[in-house]
Amino acid sequence: MTTVRPMTDERAPVTALLEELLARIAADVPGAVGAAVSQHQQGTPLRVAATHGLAAAFVPAQLDGLGGPVPTADRTGEPVVTADVFADERWPSLTLSGLIERHPELAAGWARVRGVAALPAWDAEDGFVLSVALDRPATEETVQVLRRYERLTALALVLAEAARPDRTEQVLDLLQSRAALEEAKGIVIALRRCDPEEAWETLRRASQQFNVKVRELAVALVELLAGAPAPQPGGDRTIRPGLAARAAAEQVLRAFEGEAELTGV
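About the cut-offs
Position numbers for residues count from 1 along each chain, tracking the sequence in the order it is written. In keeping with the model being predicted, local features are shown solely for residues with a pLDDT of at least 70 and side-chain atom pairs are shown and tallied solely at 80 or more, while totals for entire chains, interfaces and linings include all residues. The basis for every side-chain value is the complete set of heavy atoms in the structure, and neither hydrogens nor water enter the calculation. To qualify as a helix, a DSSP run of H or I must reach at least 4 residues; to qualify as a strand, a run of E must reach at least 2; elements of each kind are numbered from the N terminus. The buried label goes to any residue with under 20% of its type's maximum accessible area, the exposed label to any with over 50%, and the partly exposed label to all in between, with areas taken from a 1.4 Å probe on protein chains only. Note on contacts: a residue pair qualifies if any of its non-hydrogen atoms lie within 4.5 Å across the two residues. The Shrake-Rupley method, run with a 1.4 Å probe, gives the accessible areas here. Residue values count only the displayed protein chains as cover. Polar contact is the term for a pair of N or O atoms within 3.5 Å; when the atoms are in protein, one must be able to donate a hydrogen and the other to accept it, and sequence-neighboring residues count only if both atoms are side-chain atoms. Side-chain atoms within 4.5 Å link the members of a nonpolar core, which is a set of buried Ala, Val, Leu, Ile, Met, Phe, Trp, Tyr and Cys residues. Per residue, pLDDT captures the predictor's confidence, and it can take any value from 0 to 100. Each Phe, Tyr or Trp ring (for Trp, its six-membered ring) is paired with any other whose centre lies within 6.5 Å, and the angle between the two planes then decides the class: stacked below 30 degrees, edge-to-face above 60, tilted in between. An axis is simply a line fitted to the C-alpha atoms; with a helix, the fit covers only the stretch in contact. Between two such axes, the angle follows the N-to-C directions and lies from 0 to 180 degrees. Working definition: roughly parallel below 35 degrees, roughly antiparallel above 145 degrees, roughly perpendicular at 65 to 115 degrees, and oblique for all remaining angles. We call Asp, Glu, Lys and Arg charged. Ala, Val, Leu, Ile, Met, Phe, Trp, Tyr, Cys and Pro are nonpolar, and the rest, Gly among them, are polar. Only four residue types enter the tally: Lys and Arg on the positive side, Asp and Glu on the negative side; His and the chain ends are excluded. For this document, the term salt bridge refers to a Lys or Arg side-chain nitrogen within 4 Å of an Asp or Glu carboxyl oxygen. A helix is expected to span 1.5 Å multiplied by its residue count minus one.

Engineer: Describe the overall build of the chain, naming the residues involved and giving the relevant values.
Structural biologist: Regarding its fold elements, the chain presents eleven helices and five strands. Buried positions account for 46% of the 265 residues belonging to the chain. Sequence separation of at least 24 residues holds for 60% of the intrachain contacts in the chain that already meet a minimum separation of 6. Within the structure as shown, the chain displays about 13500 Å² of accessible surface, and the carbon and sulfur contribution to it stands at 54%.

Engineer: I'd like a description of helix α6 (residues 140-148), backed by residues and values.
Structural biologist: Among the residues of α6, those classed as buried are T142, V143, V145, L146 and R147. If you check the start of α6, you find a side-chain oxygen 3.2 Å away from the backbone N of E141, and it comes from T139.

Engineer: Before we move on, can you summarise the nonpolar core with the specific residues and values?
Structural biologist: Core analysis: the largest hydrophobic core is formed by 25 residues, its most contacted members being V188, L203, L217 and L221. Among the secondary structure elements, those contributing two or more residues to this core are α8 (168-192), α9 (196-210), α10 (214-226) and α11 (243-263). Take this core: its biggest share by element is seven residues, from α10. Aside from chain neighbours lying at most four places away, what touches V188 is R193, C194, A199, T202, L203, L221 and F256.

Engineer: Got a sec to walk through the confidence of the model for the chain? Specific residues and values, please.
Structural biologist: Confidence along the chain averages 81 in pLDDT terms, with 77% of residues attaining 70 or more. Element-level pLDDT for the chain is lowest in α8, with a mean of 68, against a maximum mean of 97 in strand β3 (residues 80-82). In this model residues 1-11 is a low-confidence stretch, pLDDT under 50, and it forms nine contacts with partners more than four residues away in sequence or in other chains. Here residues 261-265 scores under 50 on pLDDT; set against residues more than four positions off or in separate chains, the count is two contacts.

Engineer: Residue-level account of the packing of aromatic side chains, with values.
Structural biologist: Tallied over the entire structure, the rule returns two aromatic pairs. With a centroid separation of 6.4 Å and an interplanar angle of 70 degrees, the aromatic rings of F58 and F86 are classed as edge-to-face. Placement of the pair is F58 in helix α2 (residues 55-66) and F86 in the loop between β3 and α4 (96-102), with a sequence separation of 28 residues. Residue classification places F58 among the buried residues on the basis of a relative accessible area of 2%. Taking the centre distance of 5.9 Å and the plane angle of 50 degrees together, the rings of F58 and W110 count as tilted.

Engineer: If you had to explain unusual backbone geometry to someone new, which residues and values would you point to?
Structural biologist: A positive phi angle is found at N211, which is not glycine, with a value near 55 degrees. With respect to the helices, strands and loops of the structure, N211 is situated in the loop between α9 and α10.

Engineer: Which residues make up the packing of α2 against helix α3 (residues 69-76), and what values go with them?
Structural biologist: In the contact formed by α2 and α3, the axes pass within 8 Å of each other and the chain directions differ by 55 degrees. Overall, the two elements α2 and α3 adopt an arrangement that is oblique. Contact with α2, carried on its side by V59, Q62 and L63, involves P69, V70 and P71 of α3 and no other residues of that element. Taken together, the residues of the contact of α2 with α3 sort by class into five nonpolar, one polar and no charged.

Engineer: Lay out the side chain of R147 with the relevant residues and their values.
Structural biologist: When you line up the elements, R147 lands in helix α6. An unpaired buried charge is present at R147: no salt bridge exists, and E201, the closest side chain of opposite charge, is 4.4 Å distant. Residues within four places of R147 in sequence aside, it is in contact with P79, L119, E197 and E201.

Engineer: Report on α2, specifying residues and quantitative values.
Structural biologist: The terminal C-alpha atoms of α2 lie 14 Å apart, and with twelve residues this falls more than 12% below the ideal 16 Å at 1.5 Å per residue. Inspection of α2 places A55, A57, F58, V59, A61, Q62 and L66 among the buried residues, and these make up the whole buried set. The first or second residue beyond α2 is G67, which carries a positive phi of 75 degrees.

Engineer: Can you lay out the environment of L224 for me, pointing to particular residues and giving the numbers?
Structural biologist: Its place among the elements puts L224 in helix α10. Here the alpha-carbon distance between L224 and E250, two residues 26 residues apart in the chain, equals 7.4 Å. For L224, the contacting residues outside a window of four places in its chain are A249, E250 and L253.

Next comes the structure, spelled out in structure tokens:
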């Protein structure tokens, strides 16, 4: 029988939405014992936005100095998969005994944890990490399940920000950035004949390679192909690509044109 918890000030409707979404993700991942979404904005440290199951203690422990798949995915911008998190040499401080010492009441649960998958999304300034812990090895298939929920999670996070009375302008900025990224992804999909996930990875890798913001690269790419400024709202929310972003867009476009010549497209 499902127990319906009363809504309180601490448990806002959007927080409940995120928790329900994580429960749905966990149900779609065989062997899941916990799921979480962690978020950072404009250079702020990664913080836990919502959790399900063991992730309520597991993810904060990773962010609180122990290290692990979640902070690694956030730092590298790459999906992280491990078959046995406590035996993984990448995180020597994240041990079963250390977690039991921190949360002895969850000892039985910690003993079940094996695999973890963590998927970073959006760009390095305003992003999130979707993660899941399993009682079996995590695989690339686990990451693919997380990818299916990426956009829904992004929407839920935007709604969570919109629910805060002091975040109206930031939410509008976030939506504008997302619109620019989606338009640029459409360009990459058309030019490279790839899927949306590969298009996003292409933009993200290019932004890292040329050390420019993804949103600026996206707008610069759109404007380069259109030969005119991209339609945007005025005022502070206008995304203005710098010289580095425009130069990066030119190189990216040349690379696409070179690929087309090689494949005869």
